[in-house]
Every structure is written in C-alpha cells, then in structure tokens.
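This is what each chain is made of:
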Amino acid sequence: MGKLTIGSFPGLVGSLSLDFSVKLAEAAVRKGHSVDFWVSSNGTMLSKKGQRAFKDYPYLAKTIEELFKTGKFQACACEACAEARGYHKEDTMDGWIRKSMDWYLASCFSADRVLLIGGE
Amino acid sequence: MIKKLAFIVRSLPYKNEATRLALTHAIASQTVEIYLEDGDNVEPFLALVGDGVLCGLKNQSNKCYGITTMEQHITNALLLDLNVYYCKEDLERFGISEDQLVMDAESLGGDMKASIVPFSEIQAAMEAADHLQIF
C-alpha cells in the first residue's frame, strides 16, 4: 500500500473542495493506504474544535475523528494560517498537528502521490 | 536523495490566496530538512505561467491590503536560491518585458537570477519533477 499526501487549500464553508479532499482521504484509508492531510488557508477551519452538524453545511469533523482512529491518517493544519484566523492551539480538535509549511513538503518527500486540491 | 517539487503558479496575484500560498510553500523548503533524514531534501522550483506571470511585476504596492506583496515573495525566493521561471509566451501575451519583472534579489545580496523560458522548458521541468503542484 502506498502513501498519499493531500494538500487542501479551500474554505470549509463555501467550497466543496475540502469535502472532496476528506472524502478522498477516507476512500484511500479504507483501501489500506496511509494519508497525510495538510490544510492551509481557510482549510484550517477544519481543525477547529466544536464544529456542529447542520443539514445545509458540510460537517467533516466526525469523519476526521474516525480517520484518526485508523492509525493510517494524520492531519496537519498550517499554524500561521490558523493563527491568522484566530484559531489557536487551544481551539484545535484533538489529533491535529499544527506545523509550518515545511511539514507538508517533508510529507511530499516520502509520498507516493501528492494531490493538491482546491486553491480556487 | 533529493526530490524535485514543481510549484506552478498560474493564477492572478491578488484574486485569491492560492498564489501567495504557492510562493510561501515553495519558500518553506528552506527548513524542510528538520523533518528528513541526513542527505534527504527537497528541491522546489517556481514556474510562473498564464496570469501567474503578473506576480513578478516590479513596484507592487502593499497599501491596498497591507500584506506582503508577490514581488517581495519572489525576491525572497530568489534570495533563498530557488529557481524561478517566467513563461516567455505568456509575458509576450501581456506585453511584459524583462525590465518590468523581478529578476533577482541583488538588493538583498542574492546571486540567483530568474529565467524567462519558453513553456516547453517549463513543461520539461514539470516532467522531471517528482511531484507537481499547480496553484
């Protein structure tokens, strides 16, 4: 099985790129692959704890929690992007890593495939 | 082992955050070694194509948004010895000449020069890269 690194660069609400990224990560993990999931810019909202499910909005926190439990998934939020948006360490969901962009590049180094999703 | 990472910037400088993220992620390669084994590293290059060539224009102002300009980021990339390529055909399409572009970081003491190359050369560099990231 391979390793997939996904760089996700959109917002949580207003863009479905993040939903697609999470769905893709979920599918890859289910097939036995490991996934490094990097969120940047507005995508760092995904790391915010206390998200609530509404029918008209994407709710990805539950999926992320389930993915963490597999042991084949790690997610990292861009620390600067998060801090710039007022999401501090104490606001972050359990399981998330917060690092600078070099974490993503290091993950790319050892990845079999890298997919950059979003950026719109 | 060195892995080549291609950062292709094709979007307008200030329309969304993606362009800025392309540059900052490429520049972050300078500290990636802390996560890697001895002898391993990444080698990024920046290619500005399509609307992305506008990122390299000189004399950008940060007065509107009050944040770092693309010009400053490209200058920093060159200061850190990243290869920066401008697509020749797209510069011609916009009527942009070399003297209008950030081509070096001499003002900060850098030696690296940006290159204006045909798209065929950028495509060859993309094909030689281990991972491709298009912004």
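Please refer to the structure placed before this passage.
Definitions and cut-offs
- Residues numbered from 1 in each chain as written.
- Chains lettered and ligands numbered in written order.
- Predicted model: local features only at pLDDT ≥ 70, side-chain atom pairs only at ≥ 80, totals over all residues.
- Heavy atoms only, no water.
- Helix = DSSP H or I, 4+ residues; strand = E, 2+ residues; numbered from the N terminus.
- Rg over C-alpha atoms; globule rule 2.2 N^0.38 Å.
- Pairing = 2+ DSSP bridges.
- Axes fitted to C-alpha atoms, helices over the stretch in contact; angles between N-to-C directions.
- Contact = heavy atoms within 4.5 Å.
- Parallel < 35°, antiparallel > 145°, perpendicular 65-115°, else oblique.
- Left-handed = near helix turned anticlockwise from the far one by under 90°.
- Nonpolar A, V, L, I, M, F, W, Y, C, P; charged D, E, K, R; others polar.
- Patch = residues over 30% accessible without salt bridge, like charges linked within 9 Å, V, L, I, M, F, W, Y side chains within 5 Å.
- Areas by Shrake-Rupley, 256 points an atom, 1.4 Å probe, with all protein chains shown as cover.
- Salt bridge = Lys/Arg side-chain N within 4 Å of Asp/Glu carboxyl O.
- Buried < 20%, exposed > 50% of the residue type's maximum accessible area, 1.4 Å probe, protein only.
- Core = buried A, V, L, I, M, F, W, Y, C linked by side-chain atoms within 4.5 Å.

Where do I start with the overall build of chain B in this structure?
Along the backbone of chain B there are 4 helices and 5 strands. Counting from the amino terminus, helix and strand elements in chain B follow one another as β-α-β-α-β-α-β-α-β. Relative to a compact globule of 135 residues, whose C-alpha radius of gyration would be 14 Å, chain B shows 14 Å and is just as compact. Projected onto its principal axes, the C-alpha positions of chain B cover 45 × 35 × 30 Å.

Honestly, the sheet that holds strand 4 (residues 115-117) of chain B in this entry has me stumped. Any pointers?
Residues and elements named next belong to chain B. Read from one edge of the open sheet, 5 strands run 4-3-2-1-5, paired in parallel fashion. What marks the edges here is a single partner per strand, and that holds for strand 4 and strand 5 (131-134). Taking each pair of neighbouring strands and ignoring which way they run, the sheet shows an average axis angle of 25 degrees. Alignment of strand 2 (residues 41-48) against strand 3 (residues 83-87), held across 4 bridges, turns out to be parallel. Across the sheet, residue Leu-46 finds its bridge partner in strand 3, namely Val-84. Running over the sheet, helix 4 (residues 119-128) touches strand 1 (2-9), strand 2, strand 3, strand 4 and strand 5 and is turned about 135 degrees from strand 3.

It is not clear to me how the packing of helix 1 (residues 18-27) of chain B against helix 2 (residues 70-79) of chain B should be interpreted in this structure. Could you clarify?
When two helices pack together, their arrangement is given by the angle between the helix axes and the distance between those axes. Residue and element names in this part refer to chain B. Two elements in contact, helix 1 and helix 2, have axes separated by 10 Å at closest approach and are oriented at 20 degrees. The angle between the axes of helix 1 and helix 2 places the two elements in the roughly parallel class. Along this stretch, helix 1 crosses helix 2, giving a crossing that reads as left-handed. Packed against helix 1, whose contacting residues are Thr-19, Arg-20, Leu-23, Thr-24 and Ile-27, the element helix 2 presents Met-70, His-73, Ile-74, Asn-76 and Ala-77 at the interface. Taken together, the residues of the contact of helix 1 with helix 2 break down into 5 nonpolar, 4 polar and 1 charged.

Would you take a moment to explain a nonpolar patch on the surface for this structure?
Residues and elements named next belong to chain B. A cluster of nonpolar side chains, Tyr-14, Tyr-65 and Ile-67, forms an exposed patch at the surface whose accessible area comes to about 310 Å². Of note, Tyr-65 is situated in the loop between strand 2 and helix 2. The class for Tyr-65 is exposed, based on a relative accessible area of 55%.

For this particular structure, what's the right way to read the sheet that holds strand 2 (residues 34-39) of chain A?
In a beta sheet, neighbouring strands are held together by backbone hydrogen bonds and run either parallel or antiparallel to one another. Residue and element names in this part refer to chain A. The 5 strands lie next to each other as 4-3-2-1-5, forming an open sheet whose pairing is parallel. The open sheet has two edge strands with one neighbour each: strand 4 (97-99) and strand 5 (113-117). Adjacent strand axes in the sheet meet at a mean angle of 20 degrees, parallel and antiparallel pairs treated alike. Of the pairings in the sheet, the one linking strand 1 (residues 3-8) to strand 2 comprises 6 bridges and is parallel in character.

What exactly am I supposed to notice about the environment of Asn-42 of chain A here?
Structurally, Asn-42 of chain A is set in the loop between strand 2 and helix 2 (61-70). A relative accessible area of 36% means that Asn-42 of chain A is categorised as partly exposed.

Help me understand the nonpolar core, please; the structure alone is not making it clear to me.
Burial of nonpolar side chains together is a common tendency in soluble globular proteins. Among the nonpolar cores identified, the biggest contains 49 residues, and Tyr-104 of chain A together with Ile-74 and Tyr-86 of chain B are the most heavily contacted of them. The residues contacting Ile-74 of chain B, other than those within four sequence positions of it, are Leu-23, Leu-48, Cys-55, Gly-56, Val-84, Tyr-86 and Val-102 of chain B. Judged by nonpolar contacts, the second largest core, of 22 residues, contains Ala-25, Ala-75, Ala-77 and Met-93 of chain A.

Would you mind going over the pattern of salt bridges with me for this structure?
In a structure, side chains of opposite charge can pair up when their charged atoms sit close to one another. Residue and element names in this part refer to chain A. On inspection of all chains with the given rule, the structure shows 12 salt bridges over all chains. The residue Lys-62 makes a salt bridge to Glu-66 at a minimum N-O spacing of 3.7 Å. Linking Lys-62 with Glu-66, this pair stays in helix 2, spanning 4 residues, or about one helical turn. On the basis of relative accessibility, which here comes to 37%, the residue Glu-66 falls in the partly exposed class. For Glu-79, the salt bridge identified is with Arg-98, shortest N-O distance 3.9 Å. Taken together, the residues Glu-79 in helix 3 (residues 79-84) and Arg-98 in strand 4 connect sequence positions 19 residues apart. By relative accessible area, Glu-79 is classed as partly exposed at 36%. Residue Arg-98 is classed as buried on the basis of its relative accessible area of 14%. Overlapping salt bridges bring together Lys-23, Glu-26 and Arg-30 as one network.

Such coordinate-based values are descriptive only and should not be taken to indicate function.
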